[in-house]
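Residue-level listing of the chains:
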Amino acid sequence: MAPTHLNGGKTRRTVTKTRSPALLVVAVACACISIVVSQARSFLAPPMATSTSRNGAVAERSLSLRRADDAAGDVSSAAVENFEFEAEVGKVMDIIVNSLYSNKDVFLRELVSNAADACDKKRFLSLTEGDAPPEPMKLRIQTDKEARTLTIEDNGVGMRKQDLINNLGRIARSGTANFVKEMGEGEGDVSLIGQFGVGFYSGFLVANKIEVSSKGFQDEEAERKTWKWTSQGSSFTLQEAPEEALFGEQSGTKIVLHLREEAQEYLDSGKLADLLKKYSEFITFPIELWNEKVQYDQVVDETAPPPKEGEKPKMKSVPRSVFQWEQMNKMKPIWLRNPEVVNSSEYSEFYKTTFKAFDEPLTTTHFKVEGQIEFRALVFIPTTMPFELTRDMFAEAGRSMRLYVKRVFINDKFEDLVPRWLTFARGVVDSEDLPLNVGREILQKSRTLKIIRKRVVRKVLDSIDELRETQPDKYDQFWSSYGKYFKVGLVEDLDYKDELKRFVRFFSSKSGDNMTSLSEYVSRMKEGQDQIYFVTGEGKRAAEIAPAMEKMKQKDYEVLYMIDPLDEICSQSIVDFEGHKMMDINKAGLDLGKSEDEKQAMEDTIKEYEGLATWLKKQLGERVQKVQVGDRLVDSPATLVQGEWGMSPMMQRYMKSQTTSSASDSAFAIGSRNQAILEINPSHAVIKQLKSAMETAPDADETEDMVLMLYETAALIGGYTIEDPGDFAKRVTKLMESMGSGEASGGSVDAEVISP
């Protein structure tokens with residue numbers, strides 16, 4: 001092979017041939033003359049200008065190469081032409097191998113997608129320009145373990161000689177230096193990467209040599225030739241290869257990957273089958289894999305005793321390996337069909353097969369969007385919580401919204417395809433024009449994606465809304481499984497905050513064992529009620545016995561039960577619903593609509609017990625923020641309430657469990673304790689007795705115990721944790737002893753002496 005010559009920084013190509021010695025001498029002489037002439041021309045001529053597009057890609061020349069002079073044009077068609085890429089192409093290959101593709105498995109997806117595109121193009125050309133229909137198109141994949149090669153072949157449109165130069169050398173043609181510079185500086189627009197056609201070059205992730213044999217469909221049938229393109233990464237050769245067999249009679253392309261030592265796993269047909277089913281299961285054209293199957297033949301068992309006369313000899317099964325073409329993509333993309341002609345059993349089968357599910361889908365949403373963008377979507381909501389989400393409700397492994405582009409699987413872990421609060425949804429989104437980067441792995445922040453996300457969420461919410469209105473039993477089942485996700489959405493997704501309010505449900509004081517929605521609560525509100533009341537507690541029972549519930553029951557107000565920390569956070573995010581503000585009945589400032597006479601009576605009572613409140617605050621010290629007289633209690637002497645921005649005891653425990661350092665714990669404990677307000681009930685006998693004790697014996701031990709008992713019982717019934725349970729137990733014991741001694745002094749009891 002003749003060496004490559006460089007001139008003025010440009011790469012040159014020479015051509016060799018196999019002829020008789022005399023002709024070879026003539027050809028070499030002509031070639032030498034042409035080189036001298038071309039060098040002289042290059043020296044005398046000014047540098048050739050190149051027109052550069054706005055994005056910096058060189059548009060005029062596809063490769064940095066120059067042909068030998070026309071004097072060498074008599075080279076035979078069997079000649080091997082040698083090409084050298086620009087020097088920067090090595091940097092491009094380094095980017096491809098080390099940056100653009102994080103997973104080597106995607107090389108198969110890229111090459112299969114290219115082959116499917118070639119079949120699509122052939123079908124289009126046949127319909128628009130051809131007179132006869134094309135041959136049935138398909139893809140074939142075969143391995144050769146001895147030669148360590150992987151072959152991917154199709155009978156699509158194929159490529160002519162110039163197509164091989166232009167298409168497979170597209171990196172250099174598009175301006176390699178600018179590409180490397182933009183990627184290196186991190187300023188390149190990734191939407192331009194698709195112009196460089198590096199999907200084909202992903203083959204170098206696993207191969208150190210690639211051979212491409214192709215016959216173009218666009219030539220006249222009589223003029224079609226097979227050309228062979230060979231490269232090891234830094235250069236390539238091109239030659240006519242009439243002996244190269246292709247299974248396509250009209251046209252086609254065969255890619256042979258000579259695998260690297262560390263990529264031998266791709267010789268395993270099982271590995272290839274898994275990748276094909278993962279990435280290319282819904283490709284339009286059949287994908288056949290040359291696979292080994294075991295068949296069992298029935299032969300005479302020679303080790304068995306000879307059969308008796310008239311009996312058949314004993315047979316045994318002998319395994320035999322058989323290689324055959326096996327189609328990998330038998331599953332049809334059901335989302336491409338009209339929803340009106342797909343029945344529920346077909347949806348169920350697709351759901352179970354695609355997402356490895358065992359339950360039936362609770363809802364099915366199937367739609368198509370046309371207009372500025374075009375995509376189809378099919379979304380299922382599982383009846384039961386997917387196993388991957390049972391431990392971590394936002395586990396990455398639990399995400400299963402599969403993104404396809406023209407039936408080619410891209411990824412199912414995109415966080416931007418649906419919001420986090422729809423993690424439990426299963427489905428597919430197939431876009432025709434979604435912009436992807438070169439590796440098809442990182443979805444761009446694009447307007448198209450935002451539209452897809454908005455439409456998908458809208459349709460899913462509509463299906464759940466329909467379920468809520470038409471099938472309340474199924475909606476109860478849905479809420480039981482996925483209600484927490486919607487509450488999280490209320491907290492963190494401002495775009496859908498108002499949408500999600502109508503879906504949330506809580507237990508209430510009038511709903512019994514069922515849950516109620518905010519709209520249902522509002523429909524039952526009493527005349528004159530302008531707030532939505534709720535109470536927090538660890539469990540439904542704790543909420544029911546909260547001291548603040550006494551007044552609500554007396555006035556017959558319905559109260560929502562927030563029995564989970566997420567409920568309380570959710571209530572703070574809701575703020576109001578249909579103009580009615582959310583109100584925690586355990587917070588200071590509760591107004592239940594008193595008359596003028598009631599307000600005047602309350603002011604008089606506050607003045608009367610103002611001294612007791614001040615004295616109690618002095619006795620309790622930092623245990624409470626303040627002591628005040630209130631009217632929310634009926635049967636209880638006192639309760640602990642929080643300020644407007646305070647946290648309930650349930651939320652305090654939850655927040656404390658999230659801290660890690662002891663310093664944070666102590667600081668948090670002091671802050672939460674200071675938030676508490678002790679509210680006393682002036683009409684209760686205990687409070688009246690305590691007022692009397694303050695006036696008559698404020699320093700007595702019994703009075704001090706009575707104050708602490710009042711505070712600690714209010715804390716316990718309110719869900720707080722008392723500081724010293726031991727001291728509390730001693731005071732209770734002392735109280736019981738005093739009650740016992742009082743009874744003993746009130747009457748006589750005859751004692752019986754028993755002799756030992």
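Scroll up to find the structure this text is about.
Residues numbered from 1 in each chain as written. Predicted model: local features only at pLDDT ≥ 70, side-chain atom pairs only at ≥ 80, totals over all residues. Heavy atoms only, no water.

Asks: Got a sec to walk through the overall build of the protein? Specific residues and values, please.
Replies: Helices and strands together make up the secondary structure of the protein, namely 22 helices and 26 strands. The buried share among the 756 residues of the protein stands at 46%. Of the contacts formed within the protein by residues at least 6 apart in sequence, a portion of 72% connects residues at least 24 apart. When the accessible surface of the protein is summed, it comes to about 39,700 Å², and 50% of that surface belongs to carbon and sulfur atoms. (Helix = DSSP H or I, 4+ residues; strand = E, 2+ residues; numbered from the N terminus. Buried < 20%, exposed > 50% of the residue type's maximum accessible area, 1.4 Å probe, protein only. Contact = heavy atoms within 4.5 Å. Areas by Shrake-Rupley, 256 points an atom, 1.4 Å probe, with all protein chains shown as cover.)

Asks: Can you tell me about empty space enclosed by the protein, naming the residues and giving the values?
Replies: All chains considered together, the criterion is met by 4 cavities of 30 Å³ or more. Approximately 40 Å³ is the volume found for the second largest cavity. Taken together, Arg-399, Ser-400, Met-401, Asp-412, Phe-414, Val-418, Leu-422, Thr-423 and Ala-425 make up the lining of the second largest cavity. Residues that form the lining of the second largest cavity fall into these classes: 5 nonpolar, 2 polar and 2 charged. (1 Å grid on protein atoms, 1.4 Å probe; cavity = no way out; pocket = protein on both sides within 12 Å on 5 of 7 lines; lining within 4 Å. Points joined across faces, edges and corners; volume = space filled by probe spheres on them. Nonpolar A, V, L, I, M, F, W, Y, C, P; charged D, E, K, R; others polar.)

Asks: Could you give me a rundown of the sheet that holds strand E14 (residues 375–382), with the residues and numbers involved?
Replies: Spatially, the 5 strands line up as an open sheet ordered E13-E14-E17-E15-E16, and their pairing is mixed. One side of each edge strand has no neighbouring strand; the edge strands of this open sheet are strand E13 (361–369) and strand E16 (408–411). Between one strand axis and the next, the sheet turns by 20° as a mean value, whatever way the strands run. For E14 and strand E17 (residues 426–431), the ladder comprises 6 bridges, and the chain directions are antiparallel. Paired with Ala-377 across the two strands is Val-429, which belongs to E17. Running at roughly 140° to E13, helix H9 (residues 447–470) makes contact with E13, E14, strand E15 (400–405) and E17 of the sheet. (Pairing = 2+ DSSP bridges. Axes fitted to C-alpha atoms, helices over the stretch in contact; angles between N-to-C directions.)

Asks: Lay out unusual backbone geometry with the relevant residues and their values.
Replies: With a phi angle near 70°, Arg-407 is a residue other than glycine that sits in the positive phi range. Looking at the secondary structure, you find Arg-407 in the loop between E15 and E16. Judged by its relative accessible area of 13%, Arg-407 falls in the buried class. Positive phi, normally seen in glycine, also occurs at Asp-556, with a value near 65°. Turning to its location among the elements, Asp-556 is positioned in the loop between helix H14 (549–554) and strand E21 (559–562).

Asks: Could you give an account of the nonpolar core, naming the residues involved and the relevant values?
Replies: Counting residues in hydrophobic clusters, the biggest one holds 132 residues, and the most contacted among them are Ile-141, Trp-229, Leu-257, Val-456, Phe-478, Phe-486 and Tyr-533. With 9 residues, the single largest contributor to this core is H9. With sequence-adjacent residues up to four places away left out, Trp-229 is seen in contact with Leu-164, Leu-168, Phe-200, Tyr-201, Ile-210, Glu-211, Val-212, Phe-236, Thr-237 and Leu-238. Listed in part, the 28 residues of the second largest apolar core include Val-627, Leu-708, Tyr-720 and Phe-728. (Core = buried A, V, L, I, M, F, W, Y, C linked by side-chain atoms within 4.5 Å.)

Asks: Go over the side chain of Glu-211 with me, naming the residues and quoting the values.
Replies: Counting through the fold element by element, Glu-211 comes out in strand E7 (residues 207–215). A distance of 3.5 Å separates a polar atom in the side chain of Glu-211 from a polar atom in the side chain of His-258. Contact partners of Glu-211, with chain neighbours within four places excluded, come to Lys-228, Trp-229, Thr-230, Lys-254, Ile-255, Val-256 and His-258. (Polar contact = N/O pair within 3.5 Å; in protein donor to acceptor, adjacent residues only side chain to side chain.)

Asks: Can you lay out the sheet that holds strand E19 (residues 516–517) for me, pointing to particular residues and giving the numbers?
Replies: Each strand in a sheet pairs with its neighbour through backbone hydrogen bonds, running either in the same direction (parallel) or in the opposite one (antiparallel). What the 6 strands build is an open sheet, ordered E19-E18-E21-E20-E23-E22; its pairing is mixed. Two strands close off the open sheet at either side, each with one partner strand: E19 and strand E22 (576–577). The pairing of E22 with strand E23 (residues 580–584) spans 2 bridges and is classified as antiparallel. Bridging from a neighbouring strand, Asp-576 pairs with Lys-581 of E23.

Asks: Can you tell me about helix H7 (residues 269–279), naming the residues and giving the values?
Replies: Of all the residues in H7, the buried ones are Ser-269, Leu-272, Ala-273, Leu-275, Leu-276 and Tyr-279. The buried side chains of H7 occupy one side of the element, clustering within an arc of 165° when seen end-on. Summarising the contacts, the buried residues of H7 are in contact with helix H3 (106–128), strand E5 (139–144), strand E6 (149–154), strand E11 (287–300) and E16. Looking at where H7 begins, the residue whose side-chain oxygen comes 3.1 Å from the main-chain nitrogen of Gly-270 is Asp-268. (Arc of directions from axis to C-beta.)

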